[in-house]
Amino acid sequence: MKAIVVIPTYDERDNVKKMADAVLQRQSSNPETQTLELLFVDDNSPDGTGDVIEEMMKTEPRIHCLHREKKEGLGRAYVAGFQKAIELGADLVIQMDCDFSHDPKDVPRLIEAMEGADLVIGSRYVPGGDTPGWPFKRRLISRAGGIFIRTVTGMPLRDPTGGFKCWRVSTLKKIDFTTVGSKGYSFQLEMNHRTWKAGSAIKEIPIVFTDRVAGYSKITPGIATESIKIALKLRFGK
């Protein structure tokens, strides 16, 4: 079984080498049953992130890079990355951030949890999950947003917008991920909703989500508004 970790990058020069080393250390002790590879999706980062990845690829065959001409949003980057991972022969696709807010040590936990599941979500809000260092206002907005999304859409997920996930390729194909309309962070919500509506098995396992260790955040104030609009569209739109 081949698992490929897909990581979108934009101005992550300071993180990609450390992230690659940390992820690839999680290779299964039995490579005959599981291989782990890494696919960066770089949106022509002006800081030279793509060049750093190319240098790593010269000595590490498990690292791949999809270079895109411009930044089109997180959702478009993931769609392109999932397509490339499938071309590379992935059975499982893991999605995560490059800023270490998602702990590479949790990659094996996501894979192990796939037994009996079609999608596993690393959740901040199930027992054992946490968001250390977050101010009260940020916690309140995030939790309130989750409650709103669950109420409007009916999805029984504690963390419907989380971005640390593991997919079966068969599930991605089943929900026709290439047609997902969300270009930004609400891509997570729309993908989860399609999976739930398709009757696929979804698990949530606890993760500890921390703030980035280098670089700058790509989060904008409009993300919460975007998620609300998408939730309403999923519930009431055609």
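Since the structure is predicted, the reported quantities are computational estimates derived from the model, not experimental observations.

Q: Could you give an account of the nonpolar core, naming the residues involved and the relevant values?
A: As a rule of thumb, soluble globular proteins bury nonpolar side chains together. Within the largest apolar cluster, 33 residues are counted, with the highest numbers of intra-cluster contacts made by Val5, Ile7, Leu38, Phe40, Ile94 and Met96. At the level of elements, strand 1 (2–9), helix 1 (16–24), strand 2 (35–42), helix 2 (49–57), strand 3 (63–67), strand 4 (92–95) and helix 4 (107–112) are the ones that each hand at least two residues to this core. Filtering out sequence-adjacent residues up to four positions away, Met96 remains in contact with Val5, Val6, Ile7, Pro8, Met19, Val23, Tyr78, His102, Pro104, Val107, Gly163 and Phe164. Counting 29 residues, the second largest nonpolar core, distinct from the first, contains Val41, Tyr78, Trp167 and Ile230.

Q: If you had to explain the packing of aromatic side chains to someone new, which residues and values would you point to?
A: Evaluated as defined, the whole model comprises five aromatic pairs. Summarising the aromatic geometry, the rings of Tyr78 and Phe187 are spaced 5.9 Å apart at their centres and angled 10 degrees between planes, so their arrangement reads as stacked. One end of the pair, Tyr78, is in helix 3 (residues 74–87); the other, Phe187, is in helix 7 (residues 187–197), and 109 residues separate them in sequence. Using a relative accessible area of 0% as the deciding quantity, one classes Phe187 as buried. Aromatic pair Phe82 and Phe187: ring centres 6.3 Å apart, planes at 45 degrees, arrangement tilted. Residue Phe82 is located in helix 3, and its partner Phe187 is located in helix 7; the two are separated by 105 residues in the primary sequence. Lying over the aromatic face of Tyr10, Lys71 brings its terminal NZ or CZ to 4.3 Å of the ring centre. The residue whose ring lies beneath Arg124 is Phe209, and the NZ or CZ to ring-centre distance is 5.4 Å.

Q: Tell me about the side chain of Ser182, and name the residues and values.
A: Structurally, Ser182 can be placed in the loop between helix 6 (169–174) and helix 7. Within the structure, Ser182 has its side chain in polar contact with the side chain of Ser186 (distance 3.3 Å). Within the structure, the side chain of Ser182 is placed 2.5 Å from the side chain of Glu190, a separation counted as a polar contact. Ignoring any residue separated from it by four or fewer positions in sequence, one finds Ser182 in contact with Gly75, Arg76, Phe187, Glu190 and Ile230.

Q: Summarise the pairing of strand 2; cite the residues concerned and give the values.
A: Counted residue by residue, strand 2 has seven buried out of eight residues, so it is predominantly covered. Sheet topology places strand 1 next to strand 2; eight bridges connect them, and they run parallel. The residue bridging Pro8 from the neighbouring strand is Val41, located in strand 2. Examined bridge by bridge, strand 2 and strand 3 share five bridges and lie parallel to one another. Bridge assignment links Leu38 to a residue of strand 3, and that residue is Ile63. This β-α-β element, strand 2 to helix 2 to strand 3, shows right-handed connectivity.

Q: Tell me what's going on with the sheet that holds strand 3, and back it up with residues and numbers.
A: Spatial ordering of the open sheet is given by 3-2-1-4-6-5-7, a layout of seven strands whose pairing is mixed. Of all strands in the sheet, those with a lone pairing partner are strand 3 and strand 7 (202–206), marking the two edges. Between one strand axis and the next, the sheet turns through 20 degrees on average, direction left out of account. The strands touched by helix 1 are strand 1, strand 2 and strand 3; relative to strand 2, the strand with the most contacts, the crossing angle is about 160 degrees. In the packing of helix 7 onto the sheet, contacts are made with strand 4, strand 5 (119–123), strand 6 (165–168) and strand 7, and the angle to strand 6 comes to roughly 40 degrees.

Definitions and cut-offs
- Residues numbered from 1 in each chain as written.
- Predicted model: local features only at pLDDT ≥ 70, side-chain atom pairs only at ≥ 80, totals over all residues.
- Heavy atoms only, no water.
- Core = buried A, V, L, I, M, F, W, Y, C linked by side-chain atoms within 4.5 Å.
- Buried < 20%, exposed > 50% of the residue type's maximum accessible area, 1.4 Å probe, protein only.
- Helix = DSSP H or I, 4+ residues; strand = E, 2+ residues; numbered from the N terminus.
- Contact = heavy atoms within 4.5 Å.
- Phe/Tyr/Trp six-rings, centres within 6.5 Å; stacked < 30°, edge-to-face > 60°.
- Lys NZ or Arg CZ within 6 Å of the ring centre and 35° of its normal.
- Polar contact = N/O pair within 3.5 Å; in protein donor to acceptor, adjacent residues only side chain to side chain.
- Pairing = 2+ DSSP bridges.
- Right-handed = clockwise from strand over helix to strand, strands pointing away.
- Axes fitted to C-alpha atoms, helices over the stretch in contact; angles between N-to-C directions.

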